[in-house]
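Survey of secondary and tertiary structure
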Amino acid sequence: MMLTGLIASEIAALKPYHIRDGYLNIEESVVRDVEKDDLKTDHRGRRYRLTQALTQTLEEAMATSTGENLFKMETEKPFNAERFQRQVWRKALEKAGVMYRKPYITRHTFCAWALTIRVDQNRLVNLMGHANKRMIFKVYGMYVEGLEKDRLKILGYYGRDFKRG
């Protein structure tokens, strides 16, 4: 989620065939355990160029995935947003001593970090699946303040190849 800004329903739908021609293609979603061939909005269909960091994460997922989905729960069941939130996310935040926030916040973080490392704004609009820049600044722009000091760490996390897009 942090490498892409994908929402849980998009993560749940990822399959190996979504990785092709050097891109991760977002084409489907799973909402309340129902697979959908459409996405939340017309703009949500998008492509992420495979960076080193994203490639490594996807390769790890493929190596451990036994079903058709890339990501699964520890119980071997397909990734499910509600179960993830209860069984994994909440426990991880408690263990880290971090105040509870919904996993959706990773989308906000992805966008704020991308703005901080100065990713092209038009590209970021496409990566987020929005129609225009207004949403980027109205919703996510307020999270950028104070991140400049961490710019190099953020760039290291995503990798320099992320900026080349």
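The model shown is predicted, which means the values in this text are computed figures rather than measured ones.

This next bit is on the overall build of the protein. In terms of regular secondary structure, the protein is built from eight helices and five strands. Against the globule reference of 15 Å for 165 residues, the protein gives a C-alpha radius of gyration of 16 Å, in line with a compact fold. Taken along the three principal axes of its C-alpha coordinates, the protein extends 40 × 40 × 30 Å. The 165 residues of the protein split such that 42% are buried. Across the protein, the fraction of contacts at a sequence separation of at least 24, relative to all contacts at a separation of at least 6, is 56%. In the form shown here, the protein has an accessible surface area of approximately 9,800 Å², with 52% of it arising from carbon and sulfur atoms. Here the protein holds 30 positive side-chain charges and 21 negative ones, and the gap between their average locations is 7 Å.

One way to put it is that helix α4 (residues 105-116) packs onto helix α5 (residues 121-128) with a least axis distance of 11 Å and a crossing angle of 165 degrees. Taken together, the axes of α4 and α5 are roughly antiparallel relative to one another. The two elements α4 and α5 cross, and the hand of that crossing is right-handed. Facing Arg107, Phe110, Cys111, Ala114 and Leu115 of α4, the residues of α5 in contact are Leu124, Leu127 and Met128. Its residues assigned to classes, the contact of α4 with α5 shows seven nonpolar, no polar and one charged.

Let's shift gears to the confidence of the model for the protein. Across the protein, pLDDT averages 88, with 98% of residues at or above 70. The lowest-confidence element of the protein is strand β4 (residues 34-36), averaging 77 in pLDDT; the highest-confidence one is strand β1 (residues 19-20), averaging 95.

Time to look at the packing of aromatic side chains. Inspection of every chain in the model, using the stated rule, returns eight aromatic pairs. Ring centres of Phe84 and Trp89 lie 6.1 Å apart, and the angle between their planes is 40 degrees; this geometry places the pair in the tilted category. With relative accessibility at 14%, the residue Phe84 sits in the buried group. The class for Trp89 is buried, based on a relative accessible area of 16%. Ring geometry for Phe110 and Phe162: centres 6.0 Å apart, planes at 80 degrees, overall edge-to-face. With Phe110 in helix α4 and Phe162 in helix α8 (residues 160-164), the pair connects residues that are 52 residues apart, well separated along the chain. Each member of the pair, Phe110 together with Phe162, is buried.

Checked against the element boundaries, Tyr143 lands in the loop between α6 (133-140) and α7 (151-158). In the structure, Tyr143 is positioned 122 residues away from Asp21 in sequence and 33 Å away in space, judged by C-alpha atoms. Other than its neighbours up to four places away in sequence, Tyr143 contacts Ile105, His108 and Ala112.

As a further point, take the environment of Gly22. Following the sequence through the fold, Gly22 ends up in the loop between β1 and β2 (23-26). Setting aside chain neighbours within four positions, we find Gly22 in contact with Tyr48, Arg49 and Leu50.

Positioned with a positive phi, Asp21 is a non-glycine residue whose angle comes to about 55 degrees. Within the secondary structure layout, Asp21 lies in the loop between β1 and β2. A relative accessible area of 69% means that Asp21 is categorised as exposed. In the Ramachandran plot, Arg118 falls in the positive-phi region, its phi being about 65 degrees despite a non-glycine side chain. Examined against the element boundaries, Arg118 turns out to sit in the loop between α4 and α5.

What counts as what
Residues numbered from 1 in each chain as written. Predicted model: local features only at pLDDT ≥ 70, side-chain atom pairs only at ≥ 80, totals over all residues. Heavy atoms only, no water. Helix = DSSP H or I, 4+ residues; strand = E, 2+ residues; numbered from the N terminus. Rg over C-alpha atoms; globule rule 2.2 N^0.38 Å. Buried < 20%, exposed > 50% of the residue type's maximum accessible area, 1.4 Å probe, protein only. Contact = heavy atoms within 4.5 Å. Areas by Shrake-Rupley, 256 points an atom, 1.4 Å probe, with all protein chains shown as cover. Lys, Arg positive; Asp, Glu negative; His and termini not counted. Charge placed at Lys NZ, Arg CZ, Asp CG, Glu CD. Axes fitted to C-alpha atoms, helices over the stretch in contact; angles between N-to-C directions. Parallel < 35°, antiparallel > 145°, perpendicular 65-115°, else oblique. Left-handed = near helix turned anticlockwise from the far one by under 90°. Nonpolar A, V, L, I, M, F, W, Y, C, P; charged D, E, K, R; others polar. pLDDT = per-residue confidence, 0-100. Phe/Tyr/Trp six-rings, centres within 6.5 Å; stacked < 30°, edge-to-face > 60°.

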